[in-house]
Amino acid sequence: MASELASTQTAGIAARSSGRLELERALTDAHERTWSVLANLTPEQWHVPYHPGINPPLWEFGHVAWFNEWWVLRDAYWNAREENVTRRPSMLSGADRWFDSGRIAHVDRWTLDIPPLAELRDYANAVLDGVRARVAASDEHELYASRLTLFHEDMHGEALAYMRQTLGYPPPFAIRVPPLSDEHADVDIPGGVFMQGAPDDGAFVFDNEKWARGNARAGADVAHLREQRPFRRVRRRRRLRRSRLVVGRWVRVARGGGIRPSSLLAQRC
Ligand SMILES: [Fe+2]
């Protein structure tokens, strides 16, 4: 199991710079995974009450397809006024009015007149076909937007999974959690210098991963790092408990520290 988890992590890193064939396969896999999280919802379960921590599932499904089309098939770019615009319209008339997460406030996503599921599935399938064709016809150095859409869709796959959990829906499929070796043992965090962030090596990265910089762990000679701002310095050597974190325990720990759990929830994208 541990090796299974390690191979999954390695595959995720490799996808940042994968070539056309691997990328095409990964995009198809992400598309199928997105649908697999939603496929067994009943008609009633598609309609959810407003909640600040999730998106309506129909909106989120359409948004993922829209994002893929926006960046890959519509050739989005930043114009001279630093506006993100496209060179061609969507194949789904009205898509920008419904699914642009930068313009549609979170609270408004519950009351949009978005198309029915069958129409959105046709749209998502057509977008995938177009993206795959575009990837197949691209040079290796033209794949940044396709890699962006891959990681974006995977991110929304996770969001859809916790949408189900938030609403008390059962898991969409059997989920196996790899066992931890030496659970409840402590993990030693030694002093030293580590690199935080992604290296500037041409592979895909999200904006908030740019760029790797030196960070100091306790006990390290950090004099040469003081000119690099910001960096974090851990004041002393740490030992952390190796343990699964379940939601109930996390909420108790947060409240014990005077923190409202809801204040730590990420804003929806
Ligand atoms: Fe998004």
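Structural data are supplied above this passage.
Keep in mind that what you see is a predicted model, and the values were worked out from it rather than measured.

### A look at the overall build of the protein
Across its full length, the protein carries seven helices and six strands. The 269 residues of the protein split such that 22% are buried. Of the contacts made within the protein by residues no fewer than 6 positions apart, 66% connect residues no fewer than 24 positions apart.

### Some thoughts on the packing of helix H2 (residues 20-38) against helix H6 (residues 144-166)
Across the interface, H2 lies against H6 with an axial gap of 9 Å and an inter-helix angle of 20 degrees. On the basis of their axis angle, the class for H2 and H6 is roughly parallel. For the crossing formed where H2 meets H6, the hand is left-handed. Counting all contacts with H2, which are made through Leu23, Ala26, Leu27, Ala30, Arg33, Thr34, Val37 and Leu38, the residues of H6 involved are Ser146, Arg147, Leu150, Glu153, Asp154, His156, Gly157, Leu160 and Ala161.

### A word on the nonpolar core
Judged by nonpolar contacts, the single largest core of 36 residues is most densely connected at Leu27, Ala124, Val127 and Val131. Looking at this core, the element that brings in the most residues is helix H3 (residues 57-73), giving eleven residues. Non-local contacts of Leu27, meaning those with residues more than four positions away in its chain, are made with Leu128, Val131, Arg132, Val135, Ser146 and Leu150.

### What to know about unusual backbone geometry
The phi angle at Asp75 is positive, at roughly 50 degrees, despite the residue not being glycine. Mapped onto the elements of the fold, Asp75 is located in the loop between H3 and strand S1 (77-78). You will see that Glu82, though not glycine, has its phi angle at about 60 degrees, which is positive. Among the secondary structure elements, Glu82 is positioned in the loop between S1 and strand S2 (84-85). For Glu82, a count of 6 C-beta atoms within 10 Å puts it in the exposed group.

### Notes on H2
Under the 1.5 Å per step criterion, the end-to-end length of H2 is 28 Å for 19 residues, consistent within 8% with the ideal 27 Å. For H2, the complete set of buried residues consists of Leu23, Glu24, Ala26, Leu27, Ala30, His31, Thr34, Val37 and Leu38. Taken around the axis of H2, the buried residues stretch over an arc of 165 degrees, which confines them to a single face. Counted as exposed and oriented over 90 degrees from the buried face of H2: Leu21 and Glu32. On its buried face, H2 sits against H3, helix H5 (117-136) and H6.

### Side note on the packing of H3 against H6
Interhelical geometry of H3 versus H6 gives an angle of 175 degrees and a closest axis separation of 9 Å. Viewed along their axes, H3 and H6 adopt a mutual orientation that is roughly antiparallel. Packed against H3, whose contacting residues are Pro57, Glu60, Val64, Phe67, Asn68, Trp71 and Val72, the element H6 presents Ala145, Ser146, Leu148, Thr149, His152, Glu153, His156, Ala159, Leu160 and Met163 at the interface. Class assignment of the residues belonging to the contact of H3 with H6 gives a composition of ten nonpolar, five polar and two charged.

### Side note on H3
If you check H3, its first and last C-alpha atoms are 23 Å apart, about what 17 residues at 1.5 Å a residue would give, namely 24 Å. Of all 17 residues making up H3, 17 are buried, and the element is well covered by its neighbours. Positive phi shows up at Asp75, right after H3, with a value of about 50 degrees.

### Things to note about the environment of Met195
Relative to the elements of secondary structure, Met195 occurs in strand S4 (residues 193-196). Separated by 17 residues in the primary sequence, Met195 and Ala212 place their C-alpha atoms 5.7 Å from one another.

Cut-offs applied
Residues numbered from 1 in each chain as written. Predicted model: local features only at pLDDT ≥ 70, side-chain atom pairs only at ≥ 80, totals over all residues. Helix = DSSP H or I, 4+ residues; strand = E, 2+ residues; numbered from the N terminus. Buried ≥ 20, exposed ≤ 12 C-beta atoms within 10 Å, placed from the backbone. Contact = placed C-beta atoms within 7 Å. Axes fitted to C-alpha atoms, helices over the stretch in contact; angles between N-to-C directions. Parallel < 35°, antiparallel > 145°, perpendicular 65-115°, else oblique. Left-handed = near helix turned anticlockwise from the far one by under 90°. Core = buried A, V, L, I, M, F, W, Y, C linked by C-beta atoms within 7 Å. Expected span 1.5 Å × (residues − 1). Arc of directions from axis to C-beta. Nonpolar A, V, L, I, M, F, W, Y, C, P; charged D, E, K, R; others polar.

None of the figures reported here should be taken as evidence of function without further support.
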